[in-house]
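Descriptive structure summary
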Amino acid sequence: KAGVTQTPRYLIKTRGQQVTLSCSPISGHRSVSWYQQTPGQGLQFLFEYFSETQRNKGNFPGRFSGRQFSNSRSEMNVSTLELGDSALYLCASSPPRGVDEQFFGPGTRLTVL
Amino acid sequence: QKEVEQDPGPLSVPEGAIVSLNCTYSNSAFQYFMWYRQYSRKGPELLMYTYSSGNKEDGRFTAQVDKSSKYISLFIRDSQPSDSATYLCAMSGGGSNYKLTFGKGTLLTVNP
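Here is a short report on the structure shown in this document. Here the residue numbers are simple positions, counted from 1 along each chain's written sequence. A letter from A marks each chain and a number from 1 marks each ligand, given out in the order of writing. Since the coordinates come from a predicted model, pLDDT governs what is reported: local features require at least 70, and pairs of side-chain atoms require 80 or more to be given and counted, while whole-chain, interface and lining totals use all residues. Here the side-chain values reflect all heavy atoms present in the structure, with hydrogen atoms and water set aside.

**Looking at the side chain of Ser 22 of chain A**
Residues and elements named next belong to chain A.
- Only runs of H or I of at least four residues qualify as helices and only runs of E of at least two qualify as strands under DSSP, and these elements are numbered from the N terminus. Among the secondary structure elements, Ser 22 is positioned in strand β3 (residues 19-24).
- Judged by its relative accessible area of 13%, Ser 22 is buried.
- Here a polar contact is taken to be a pair of N or O atoms separated by no more than 3.5 Å, where protein atoms must pair a possible hydrogen donor with a possible acceptor and residues adjacent in sequence count only if both atoms sit in side chains. Side chain to side chain, Ser 22 and Arg 73 meet in a polar contact 2.9 Å long.
- Whether two residues are in contact is decided by their heavy atoms, any of which lying within 4.5 Å being enough. Setting aside residues no more than four positions away along its own chain, Ser 22 makes contact with Thr 5, Gln 6, Thr 7, Trp 34, Arg 73, Ser 74 and Glu 75. Note on exposure labels: buried denotes an accessible area under 20% of the residue type's maximum, exposed denotes more than 50%, and partly exposed covers the range between, all computed with a 1.4 Å probe on protein chains only.

This is how it looks when you write it as structure tokens:
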């Protein structure tokens, strides 16, 4: 079974721009979560989607948003990029039996200049 | 006080050593406990997933949870150079709380 895939793998943007990252979960997984990983803060939860509905949200500003499609694929968007948004953005999907059991993709490394 | 504390290391051991990695937590609502391994420039890989106190073994890996002390451990027996990675503990509250709270990770190097 194919794992979680994320595109693009690398991205360079400038301050003020916006960016959209994509995630395809493992087949059969309907829950998708997003995390931001930085050296200083580690892995921090952004939000979680199930059946196209956001069920939980972390403590990030409104510039960070996401959505999920009917095929469970998910996108996250960051508007008005800041230097501090440079990070590895990770997507994880969960099987129907246990949302806490999360399988991660390789991540998208975003650099904001 | 952070919800999850993990010694960042780095930890360096010779090949074949037993490795002990630990996390403490403050939120008594946590019910599910996980260990992830993350190689450089890769996403975290789920190693162990446990619920409730006790031990769980999988090959060379043993996860231990002590809810009364709010303390979890991961033991790696017969460590190999391929085990060199960052190890992250994670936990969640179950129920309608779908987020994982992670420790900062411990960088482990196993020297041949």
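**Regarding the nonpolar core**
- Core analysis: the largest hydrophobic core is formed by 24 residues, its most contacted members being Trp 35, Ile 72, Leu 74, Ile 76, Tyr 87 and Met 91 of chain B.
- Of all the secondary-structure elements, those providing two or more residues to this core are β3 (19-25), β4 (32-38), β5 (45-51), β7 (61-66), β8 (71-76), β9 (85-92) and β11 (106-111) of chain B.
- Ile 76 of chain B has contacts with Ala 17, Ile 18, Val 19, Leu 21, Arg 60, Phe 61, Asp 83, Tyr 87 and Leu 108 of chain B, leaving out every residue within four places of it along the chain.
- Among buried residues, those of type Ala, Val, Leu, Ile, Met, Phe, Trp, Tyr and Cys that are joined through side-chain atoms within 4.5 Å constitute a nonpolar core. If you look at the next biggest cluster of nonpolar residues, it comprises 21 residues, including Leu 21, Cys 23, Ile 26 and Val 112 of chain A.

**A word on unusual backbone geometry**
- Cis geometry marks the peptide bond from Thr 7 of chain A to Pro 8 of chain A; its omega dihedral reads -10 degrees.
- With respect to the helices, strands and loops of the structure, Pro 8 of chain A is situated in the loop between β1 (5-7) and β2 (10-13).
- Omega for the peptide link from Gly 9 of chain B to Pro 10 of chain B comes to 10 degrees, which places this bond in the cis form.
- Assignment of secondary structure puts Pro 10 of chain B in the loop between β1 (4-6) and β2 (11-14).
- Positive phi values are uncommon outside glycine, yet Ser 51 of chain A reaches one of about 50 degrees.

**Some remarks on the sheet that holds β7 of chain B**
Residues and elements named next belong to chain B.
- Any two strands are treated as partners once DSSP identifies two or more bridges connecting them. An order of β1-β3-β8-β7-β6 is seen for the 5 strands of this open sheet, with the pairing classed as antiparallel. Every interior strand has two partners, whereas the edge strands, β1 and β6 (54-58), have only one. Between one strand axis and the next, the sheet turns by 15 degrees as a mean value, whatever way the strands run.
- Bridge count for β3 against β8 is 6 bridges, and the pairing is antiparallel. What sits directly across from Ser 20, in β8, is Phe 75. Only C-alpha atoms enter the line fits that serve as axes; for helices the fit covers just the stretch in contact. Angles between N-to-C directions range over 0 to 180 degrees.

**Re the interface of chain A and chain B**
- Counting residues at the interface gives 24 residues for chain A, matched by 20 residues for chain B.
- Note on chain A versus chain B: buried area summed over both sides is about 1,800 Å², and carbon and sulfur give 55% of it.
- Here, a salt bridge means any Lys or Arg side-chain nitrogen found within 4 Å of an Asp or Glu carboxyl oxygen. Counting the contacts that link chain A with chain B gives 0 salt bridges.
- One can count 4 residue pairs in polar contact (both at pLDDT 80 or more) joining chain A with chain B.
- When residues of the side of chain A that touches chain B are traced back to their parent elements, those giving at least two are β4 (31-38), β5 (42-50), β6 (53-57), β9 (87-94) and β10 (103-104) of chain A.
- The element that contributes the greatest number of residues to the side of chain A that touches chain B is β5 of chain A, accounting for 4 residues.
- Per-class residue counts for the side of chain A that touches chain B are 10 nonpolar, 8 polar and 6 charged. Summed over both partners, the accessible surface that disappears when two parts come together, traced with a 1.4 Å probe, is what is meant by buried area. Polar here means any residue other than Ala, Val, Leu, Ile, Met, Phe, Trp, Tyr, Cys and Pro, which are nonpolar, and Asp, Glu, Lys and Arg, which are charged; Gly is therefore polar.

**Side note on the state of the cysteines**
Residues and elements named next belong to chain A.
- Cysteine sulfurs are considered disulfide-paired once they come within 2.5 Å of each other. Counted under the stated rule, the structure contains 2 disulfides over all chains.
- A sulfur-sulfur distance of 1.7 Å marks the disulfide that ties Cys 23 to Cys 91. What sets the handedness of the Cys 23 and Cys 91 disulfide is the S-S torsion sign, and at about -55 degrees it is left-handed. With Cys 23 in strand β3 and Cys 91 in strand β9, this residue pair connects regions lying 68 residues apart in the sequence. Neither residue differs from the other here; Cys 23 and Cys 91 are each classed as buried.

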